[in-house]
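Listed here are the chains, written in short residue letters.
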Amino acid sequence: MQNLLGLDAAGLQAFVAALGEKPFRGRQLLRWIHRRGASDFEAMSDLARSLRARLAQTAGVQALPVISDSTSTDGTRKWLLDVGHGNAIETVFIPEEDRGTLCVSSQAGCAMNCLFCSTGRQGFNRNLTTAEIIGQLWWAEHALRAQLGITAEHERVISNVVLMGMGEPLQNLDALLPALRLMLDDNAYGLSRRRVTVSTSGLVRQIDKLASACPVALAVSLHAPNDALRDRLVPLNRKHPLQELMAACRRYLRHAPRDFITFEYVMLDGVNDSPAQARELVALVRDVPCKFNLIPFNDFPGSGLARSPALRVREFAEVLIDAGIVTTTRKTRGDDIDAACGQLAGEVQDRTRRASRAAERLPPVTTVAAS
Ligand code: SAH
Ligand code: SF4
């Protein structure tokens, strides 16, 4: 059975061609599935009855089973989705006045093992498929439309997508690319490239690949102003140190739909939040047009870390702002349902023995003075 959710426009065209159909049938399918949220071929009234019957035999439109659906007091909504073999991933919808953002997962777990991240601590099970990635948007958009009583095909509830759920999206680029193309396709979700953001911990070669294959807005999880500290917070830094990452950001900007990179920086009490470290950061990003998004650390059991006090976050932001860098501090949303950044834990059957090895390997984090 071919799950049609996993096929972008070109894939659907090839699929219908193999059934002996004209290419425009692919486009019709695309619109039925993604614009209207149809999963029943019988409802696709402008397809010939014989084609509908053949589709019913060979294909399906299958989203992931929903394990739970919770809504926060601030309106944030979180779905826990079953990806099989005891693994579950999370998708979060964040409504704001002027937009609706969906935070999408790309992997069951994550292999990058960042020190402050609940997903990372859980270890890694597997990459999601294209159908599983785009299926999160398919499911959420149509569930939200139904909830709000929206029937018009062109009215969207979700205006922005961020790949900031569970997983490192650039470690799953092959499955991610067709999903991104569907997000941008006018016959599917029609989102502009500036409203789709891929967030990465810094996979340098894949940043270049994304630039040539499907440039969308890029967020880079920085978290530290120097290699000594970043090596400890984001282990990937040992392979791709900061200067390499900054160079990749500069290269990306030649293709990017926005003229800046967003740097994310989780604020950890006494670890990376001093004014001296803010000044070091300003020097680091001197040649990269960027904005900063400071994220108050969201705690999880056994993290051994703490959130920076609000005053320290403000002082840190002021150093960046005084240097001319647009800086925002992210509001924490949905923490009453564990839907805030870094709290997405889903359920991961770790295949890397991360949890047990982490306990053996990691020394406690102590305050690191800025040089
Ligand atoms: N793997 C990608 C995208 C998912 S994480 C990445 O790391 O960029 C999305 C954002 O949440 C990242 O910036 C990540 O560093 C941040 N984050 C992770 N754990 C967090 C926590 N406990 N509190 C606040 N933000 C966290
Ligand atoms: Fe993975 Fe991102 Fe968490 Fe790091 S912060 S462990 S890259 S999900």
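Residues numbered from 1 in each chain as written. Chains lettered and ligands numbered in written order. Predicted model: local features only at pLDDT ≥ 70, side-chain atom pairs only at ≥ 80, totals over all residues. Heavy atoms only, no water.

1. Comments concerning the site of ligand 2
Stage number 1. The full set of residues close to ligand 2 is Cys110, Met112, Asn113, Cys114, Cys117, Gly120, Gly167, Glu168 and Ser201.
Stage number 2. Taking a 2 Å distance to the grid points as the criterion, the majority of the atoms of ligand 2 fall inside the largest cavity.
Stage number 3. When grouped by side-chain class, the residues that make up the shell around ligand 2 number four nonpolar, four polar and one charged. (Near = heavy atom within 4 Å. 1 Å grid on protein atoms, 1.4 Å probe; cavity = no way out; pocket = protein on both sides within 12 Å on 5 of 7 lines; lining within 4 Å. Sits in = over half its atoms within 2 Å of the grid points. Nonpolar A, V, L, I, M, F, W, Y, C, P; charged D, E, K, R; others polar.)

2. Re helix H7 (residues 204-213)
Stage number 1. Along H7, the positions that sit buried rather than exposed are Val204, Ile207, Leu210 and Ala211. Relative to the axis of H7, the buried residues are bounded by an arc of 115° and lie together on one face. Opposite its buried face, H7 presents the exposed residues Arg205, Lys209 and Ser212, each directed more than 90 degrees away.
Stage number 2. Elements that come into contact with the buried residues of H7 comprise helix H6 (173-184), strand E10 (196-200), strand E11 (217-221) and helix H9 (242-253). (Buried < 20%, exposed > 50% of the residue type's maximum accessible area, 1.4 Å probe, protein only. Helix = DSSP H or I, 4+ residues; strand = E, 2+ residues; numbered from the N terminus. Arc of directions from axis to C-beta. Contact = heavy atoms within 4.5 Å.)

3. Examining the site of ligand 1
Stage number 1. As a matter of local geometry, ligand 1 sits amid 20 residues, with Phe116, Gly167, Ser199, Ser221 and His223 nearest to it.
Stage number 2. Backbone polar atom of Gly167 to a nitrogen atom of ligand 1: 2.9 Å apart, as the coordinates give it.
Stage number 3. Interatomic distance of 2.7 Å between a side-chain N/O atom of His223 and an oxygen atom of ligand 1.
Stage number 4. Protein chains shield 95% of the accessible area of ligand 1, which is 530 Å² for the free molecule. (Polar contact = N/O pair within 3.5 Å; in protein donor to acceptor, adjacent residues only side chain to side chain. Areas by Shrake-Rupley, 256 points an atom, 1.4 Å probe, with all protein chains shown as cover.)

4. Thoughts on the packing of aromatic side chains
Here the distance between the centres and the angle between the planes together describe a pair of aromatic rings.
Stage number 1. In total, this model carries four aromatic pairs according to the counting rule given.
Stage number 2. Feature note: the residues Phe263, Tyr265, Phe292 and Phe316 constitute an aromatic cluster, connected by ring pairs.
Stage number 3. A cation sits over an aromatic face here: Lys291 above Phe260, 4.2 Å from the ring centre. (Phe/Tyr/Trp six-rings, centres within 6.5 Å; stacked < 30°, edge-to-face > 60°. Lys NZ or Arg CZ within 6 Å of the ring centre and 35° of its normal.)

5. What about the sheet that holds E10?
Stage number 1. Sheet architecture is open: ten strands sit in the order E3-E4-E5-E6-E9-E10-E11-E12-E13-E14, paired in mixed fashion. Two strands bound the open sheet, and with one partner strand each, they are strand E3 (66-71) and strand E14 (326-329). Strand-to-strand twist of the sheet, defined as the mean angle between neighbouring strand axes without regard to direction, takes the value 20°.
Stage number 2. Across four bridges, the pairing between E10 and E11 is parallel. Residue pairing across strands places Thr197 opposite Ala217, the latter belonging to E11.
Stage number 3. Along the sheet, helix H11 (residues 310-322) contacts strand E12 (261-267), strand E13 (290-296) and E14; its crossing angle with E13, the most-contacted strand, is approximately 175°. (Pairing = 2+ DSSP bridges. Axes fitted to C-alpha atoms, helices over the stretch in contact; angles between N-to-C directions.)

6. Examining the pattern of salt bridges
Stage number 1. Summed over all chains, the structure comprises 14 salt bridges.
Stage number 2. For Arg54, the salt bridge is made with Glu21, and the minimal N-O distance between the two is 3.2 Å. Linking Arg54 in helix H3 (residues 49-58) with Glu21 in the loop between helix H1 (9-18) and helix H2 (24-35), this pair joins segments that are 33 residues apart in sequence.
Stage number 3. Arg126 is the partner of Glu132 in a salt bridge, and the nearest nitrogen-oxygen pair spans 2.8 Å.
Stage number 4. Within the structure, one salt-bridge network assembled from shared partners comprises Glu21, Arg25 and Arg54. (Salt bridge = Lys/Arg side-chain N within 4 Å of Asp/Glu carboxyl O.)

7. Considering the domain arrangement of the protein chain
Stage number 1. The domain architecture assigned to the protein chain consists of domain 1 (2-60) and domain 2 (66-361).
Stage number 2. A straight line from the C-alpha centre of domain 1 to that of domain 2 covers 32 Å.
Stage number 3. The interface is formed by 16 residues belonging to domain 1 together with 17 residues belonging to domain 2.
Stage number 4. Roughly 1,400 Å² of surface becomes buried between domain 1 and domain 2 when both sides are summed, with 54% attributable to carbon and sulfur atoms.
Stage number 5. Linking domain 1 with domain 2 are one salt bridge. (Domains from an automatic or database assignment. Buried area = accessible area lost by both parts, 1.4 Å probe.)

8. What to know about the layout of surface pockets
Stage number 1. Of the pockets and cavities examined, the largest pocket occupies roughly 1,100 Å³.
Stage number 2. In terms of lining, the largest pocket is formed by 38 residues, of which the most central are Glu96, Arg99, Val162, Asn293 and Arg330.
Stage number 3. Counting residues per element, the ones that place at least two in the lining of the largest pocket are strand E5 (87-95), strand E6 (100-103), strand E9 (160-163), E11, E13 and E14.
Stage number 4. When its residues are assigned to classes, the lining of the largest pocket shows 17 nonpolar, eleven polar and ten charged. (Points joined across faces, edges and corners; volume = space filled by probe spheres on them.)

9. Regarding the environment of Pro23
Stage number 1. Here Pro23 shows up in the loop between H1 and H2.
Stage number 2. Between the C-alpha atoms of Pro23 and Thr71, which are 48 residues apart in sequence, the distance is 41 Å.
Stage number 3. Not counting residues within four places of it along the chain, the set of residues in contact with Pro23 comprises Gln13 and Val16.

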